[in-house]
Amino acid sequence: MTTKDLFEEKNKRLLELQAQPSCCRIEVAVDFDQHWLGDLKRSGFDASANTLWIVEGLLFFLKTEQVDNLLKTLKEASSRGSRFVTDMPSKSLLNAPTSLIFLSKLRNDGYPWQFGSDNPEGFLQMNGWKVTKIKEPGEKGVGEKRWPYTVQDRSIIGVSRNWLICASLDS
């Protein structure tokens, strides 16, 4: 499930690589400004089964309202015990002077980073998801040998961060 444009680009690249899926692959193109759960269900999605939602490389491109709607829709589409994993930048990263050139290039290319949260646990809880694990690149078990930067203590406010999050739906 992603946007129509992104599916077109992914399929073009898969065709160039002559890649063949090794599982059943069902594409559901959605507009994150619209209600899309019906499209997902019509494609065969079973909301009564536990689901693992992998939302990777998406949230930062959405507006806060779109992220709220996405999380609420995933909750609506999920049975108790479903899981959600994502990456999410901190709001501080979006405002950091060291990020300005990178973020400006993305904006000029038409892909601005719009969403981030300095309190991902609270943000996800507000939208029905309970964080079960949260890490940052460079922490133990998350590329600590490859990550070139020191991971700052969570108590330090205003640090640019990229959260790697696991959450669950318990109710």
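Parameters at a glance
- Residues numbered from 1 in each chain as written.
- Predicted model: local features only at pLDDT ≥ 70, side-chain atom pairs only at ≥ 80, totals over all residues.
- Heavy atoms only, no water.
- Pairing = 2+ DSSP bridges.
- Helix = DSSP H or I, 4+ residues; strand = E, 2+ residues; numbered from the N terminus.
- Axes fitted to C-alpha atoms, helices over the stretch in contact; angles between N-to-C directions.
- 1 Å grid on protein atoms, 1.4 Å probe; cavity = no way out; pocket = protein on both sides within 12 Å on 5 of 7 lines; lining within 4 Å.
- Points joined across faces, edges and corners; volume = space filled by probe spheres on them.
- Nonpolar A, V, L, I, M, F, W, Y, C, P; charged D, E, K, R; others polar.
- Contact = heavy atoms within 4.5 Å.
- pLDDT = per-residue confidence, 0-100.
- Core = buried A, V, L, I, M, F, W, Y, C linked by side-chain atoms within 4.5 Å.
- Buried < 20%, exposed > 50% of the residue type's maximum accessible area, 1.4 Å probe, protein only.
- Polar contact = N/O pair within 3.5 Å; in protein donor to acceptor, adjacent residues only side chain to side chain.

**Structural notes on the sheet that holds strand E3 (residues 130-135)**
And step 1. Read from one edge of the open sheet, 4 strands run E1-E2-E4-E3, paired in mixed fashion. Because the sheet does not close on itself, it has two edges, and the strands there are strand E1 (52-55) and E3. If you compare each strand with its neighbour and ignore which way they point, the axes differ by 20 degrees on average.
And step 2. Summarising the sheet, strand E2 (residues 83-89) and strand E4 (residues 162-168) pair through 7 bridges and their orientation is antiparallel. The residue of E4 that forms the bridge with Thr86 is Ile165.

**Let's talk about the layout of surface pockets**
And step 1. Roughly 1200 Å³ of volume is contained in the largest pocket.
And step 2. Every residue lining the largest pocket is counted, 31 residues in all, and those nearest its centre are Met1, Thr2, Thr3, Leu6 and Leu58.
And step 3. Within the residue set of the lining of the largest pocket, elements represented by two or more residues are helix H1 (4-17), E1 and helix H3 (64-76).
And step 4. At 6 residues, the largest contribution of residues to the lining of the largest pocket is made by H1.
And step 5. Its residues assigned to classes, the lining of the largest pocket comprises 16 nonpolar, 7 polar and 8 charged.
And step 6. For the second largest pocket, the calculated volume is near 340 Å³.
And step 7. Lining the second largest pocket are 16 residues, and of these Leu93, Trp147, Tyr149, Ser160 and Arg161 lie nearest its centre.
And step 8. Classifying every residue of the lining of the second largest pocket by side-chain character gives 7 nonpolar, 7 polar and 2 charged.

**A look at the side chain of Ser90**
And step 1. For Ser90, the position within the fold is in the loop between E2 and helix H4 (91-95).
And step 2. Setting aside anything within four residues of it in sequence, one finds Ser90 in contact with Gly116, Ser117, Asp118, Val159, Ser160, Arg161 and Trp163.

**Observations regarding the confidence of the model for the protein chain**
And step 1. Averaged over all residues, the pLDDT of the protein chain equals 92, while 99% of them reach at least 70.
And step 2. Averaged pLDDT values over the elements of the protein chain bottom out at 91 in helix H2 (residues 37-42) and peak at 97 in E2.

**Section: the pairing of E4**
And step 1. Pairing between E3 and E4: 5 bridges, direction antiparallel. In the sheet register, Lys130 faces E4, and the bridge partner there is Ser168.

**Re the nonpolar core**
And step 1. Within the largest apolar cluster, 28 residues are counted, with the highest numbers of intra-cluster contacts made by Leu70, Phe84 and Trp129.
And step 2. Those elements that place two or more of their residues in this core are H2, E1, H3, E2, helix H6 (120-126) and E4.
And step 3. If sequence neighbours within four positions are ignored, Leu70 has contacts with Phe32, Trp36, Val55, Leu58, Leu59 and Leu62.

**Quick notes on the environment of Ser48**
And step 1. Checked against the element boundaries, Ser48 lands in the loop between H2 and E1.
And step 2. Through-space distance from the C-alpha of Ser48 to that of Asn127 is 20 Å; in sequence the pair is 79 residues apart.
And step 3. Among the polar contacts made by the side chain of Ser48, one reaches the side chain of Asp46 at a distance of 2.6 Å.

**Some details on the environment of Asn127**
And step 1. Tracing the backbone shows Asn127 in the loop between H6 and E3.
And step 2. Considered as a pair, Asn127 and Pro89 are 38 residues apart in the sequence and their alpha carbons are 17 Å apart.
And step 3. Dropping the residues within four chain positions of it, Asn127 is found in contact with Asp68, Leu71, Lys72 and Lys75.
And step 4. Reaching out from Asn127, the side chain makes a polar contact with the side chain of Asp68 at a distance of 3.1 Å.

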